[in-house]
Amino acid sequence: MLRPVHLRTLFDRLARAIITVGGLATIVSILGIFFFLFREVTPLFTAPSAKLTQRLSVPALLVDEGPAQVAVDEHREIAQVFTSGAIQFFDLASGQPIPLEMPAQVTSRQITAMASGGGNAPRLAVGTADGEILFLKVGTTTEFTDQGERRKRPHIRAGQPIPLTKSPIVRLAYRANDQGSLLALLSKGGRLLVVRIAADDVAGDHPIITELPQPKGAVTALALDALLENLYVGTADGQVVHVALSETESPEMRAAYTVAASSTAVTTLGFLSGDRSLVVMSEDGAVSTWGLVRRADAPSGWKLTQIHTLRPHNAPVTAFAPSQRVKGFVTGDMKGNLFLHHATSSQTLLRLANSEFPIRAVAFAPKGDGLIALDGAGQLTLYQVQNAYPEVTLETLFGKIWYEGYDQPAHVWQSSSGSDDVEPKLGLLPLAFGTLKGTMYALFLAVPIAILAALCTSQFMHQDLRAKIKPIIEVMAALPTVVLGFLAGLWLAPLLERMLPAVAGMALVLPLLVVVASFAWYLCPLSVKRHLPQGQEALLLLPIMALGIVGCLWANSTIEGWWFDGNVKAWLSTRLGIEYDQRNALIVGIMMGFAIVPVIYSIAEEALSNVPKIQIAGSLALGATRWQTVLYLVLLSASPGIFSAVMIGFGRAIGETMIVLMATGNTPILDWNWANGFRTLSANIAVEIPEAPHGGSLYRVLFLAALLLFIVTFVINSLAELIRQRLRDKYSHG
């Protein structure tokens, strides 16, 4: 039989082992969380790459220097080459051409210009040497055999030619939507025409043709937007002319903008997906994006403004293709180089030395994971591209970015919209700012209340009363934050909106009542004070404060009429420029402050109560007053514990989710205004992670937000612990 001393030793060893294992498990869990978050974030910053997967020689298709287009299907199995000589499809697995019967309308005519109708539909318009326009539908259809094998079949459909001019068409822009088709063309004779064909005029029998006046320089490029409202004309003297198009009125030449040196021609114009950003490429190799920006000094109210500047080529830009999914695009030049750009991040992601010959045409694969290019020697080249997160850089995450439709660069978080054409805005700074704002407002309310309450109960309150008050306050910490958030959003926010004048009155009346009551109690004769035991004087303030609150609520309308001209929200807007939102930082400050008061109070009260009584007695014995003892002895001795209490409250507030999720309105803005809402990192993760596509940019940026929150909390807590240790070494044994 083991003796008692042996059992105690056994229990001690068992307890030590359990504590050691628990501590190590905690450390391993924290490290595991950190490395998991880090692993999910790392792909965001991997460099893009491109791998050459196929190269075919098709020189027979290049019969002259006429127009050329290329395309590849979404599975990168079939390539399409369309030149002025022919249309040919190739099976990329075997490298062999796919037999296809060409429409007679195409084979009997000389094609001199071609343009895509935009969007995902394979619609093309071609101009001929006879001044005609042909509409084509070129693409592939996918079929499955009984064995489940996938087969793709190319097809071409051609409409009847529409005569528009008597000379060859040398440049062409084409767009189509549900309202009809719009073309802009330049004839060899120098005529610049705009042609509108209604949607119900399928054969094009009644085109509306308008001839535009000639710009100063020779026309070198044309571009139409998908709304069929704007035409941009590039010229040989480095200008882009903006022409406003209307279905009911004549085209209007709005303005001419200098986009390059006077002797530098604009070689290519094109739109990014969404048709809001115009890409301008010039003879000197410059590449930039432009957009219509609202300007008060412009006669039309809009001005074409340069938004992004990309890495230039060392040769004239000859080819351009936008991505169908993101704001990326590829350009090719006279020296055979391909550059992969992304507009939002203003970065050139890749440079590919494709060949020594000029790039004639280039295109993205529909999924954005491939590039196909045709050079001047008839080499058709296919690349597999790894570029999953082009819109994410440190600049787009934390810097000001000039987004489409904005008047100037801004910090914006707008991860999704109703349309895929809108560029995602992944600025984390408004979320980090909202996190800091909510934390500061909560601490601003909670820290003084909690510490003063702890000071009162530990140093001035009667022990019997302290034994009742302290558990009541600590029980408040058990309230679920979702309940507090529910109360904040659905009860407190509308109540505070109605009673805002009364709350403003309380901020003035209640401190005044405390001062008056304290002074009155000081003047009371000892015969009166003797009836209330020492340490219970604070009870007298409860009915006085209650009366003050009731009085302010009763006088709400009077205060609003007296101080705020009868309408507090209008007064804030007109006098102070503050727009009051029902769910705002004040609501969060009150409710989140209420949530962290028990945490700060409990730790601070313990620290204040643990100051050795002998030191306090010594101070009083030496003649110091109670307040002098508290200010110069108790607070200093308990400062490590008070500091820990504040930092724990800070950590609780910075990671709080449910209250800010339900009470802030979740508006990611940069504004310290108490009457505005905000969005925090934690609330944003809770809102958006269920709908973020797995592995996508938004998904990984949300993990980055979690990693930032983890690191910031870890660093602040570590610094707080170091400071607490220094304070304890300095004051605990003084």
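Everything below is about the structure shown above.
Residues numbered from 1 in each chain as written. Predicted model: local features only at pLDDT ≥ 70, side-chain atom pairs only at ≥ 80, totals over all residues. Heavy atoms only, no water.

As a further point, take the overall build of the chain. A count of helical and extended segments in the chain gives 18 helices and 31 strands. A compact globule built from 734 residues would reach a C-alpha radius of gyration of about 27 Å, whereas the chain, at 36 Å, exceeds it by more than 25%. Taking the principal axes of its C-alpha atoms as reference, the chain extends roughly 120 × 85 × 50 Å. Taken over 734 residues, the chain has a buried fraction of 47%. A separation threshold of at least 6 residues defines the contact pool for the chain, and within that pool the share at least 24 residues apart is 58%. Within the structure as shown, the chain displays about 36,500 Å² of accessible surface, and the carbon and sulfur contribution to it stands at 61%. (Helix = DSSP H or I, 4+ residues; strand = E, 2+ residues; numbered from the N terminus. Rg over C-alpha atoms; globule rule 2.2 N^0.38 Å. Buried < 20%, exposed > 50% of the residue type's maximum accessible area, 1.4 Å probe, protein only. Contact = heavy atoms within 4.5 Å. Areas by Shrake-Rupley, 256 points an atom, 1.4 Å probe, with all protein chains shown as cover.)

For the structure shown, the criterion picks out 16 aromatic pairs. Between F135 and Y174 the ring centres are 5.3 Å apart and the planes differ by 45°, which places this aromatic pair in the tilted class. Here Y174 lies in strand β11 (residues 169-177) and F135 lies in strand β8 (residues 132-144), a separation of 39 residues in the sequence. A relative accessible area of 5% places Y174 in the buried class. (Phe/Tyr/Trp six-rings, centres within 6.5 Å; stacked < 30°, edge-to-face > 60°.)

Among the nonpolar cores identified, the biggest contains 56 residues, and L572, I587, M592, I596, I600 and L608 are the most heavily contacted of them. Breaking this core down by element, the ones donating at least two residues are α4 (429-460), α6 (481-498), α11 (568-576), α12 (585-609), α14 (626-637), α15 (639-654) and α16 (658-663). Discounting residues that sit within four places of it in the chain, L608 has contacts with A454, L455, S458, Q459, V634, L635, A638 and I642. In this structure, Y389, L426, L681 and L709 belong to the second largest nonpolar core, which totals 22 residues. (Core = buried A, V, L, I, M, F, W, Y, C linked by side-chain atoms within 4.5 Å.)

This part covers the sheet that holds strand β1 (residues 49-57). Pairing in this open sheet of 4 strands is antiparallel, and the strands run β1-β29-β28-β27 from one edge to the other. One side of each edge strand has no neighbouring strand; the edge strands of this open sheet are β1 and β27 (359-364). Neighbouring strand axes in the sheet, compared pairwise and without regard to direction, differ in orientation by 20° on average. Bridge count for strand β28 (residues 370-375) against strand β29 (residues 379-386) is 5 bridges, and the pairing is antiparallel. Following the sheet pairing, L371 is matched in β29 by Y383. (Pairing = 2+ DSSP bridges. Axes fitted to C-alpha atoms, helices over the stretch in contact; angles between N-to-C directions.)

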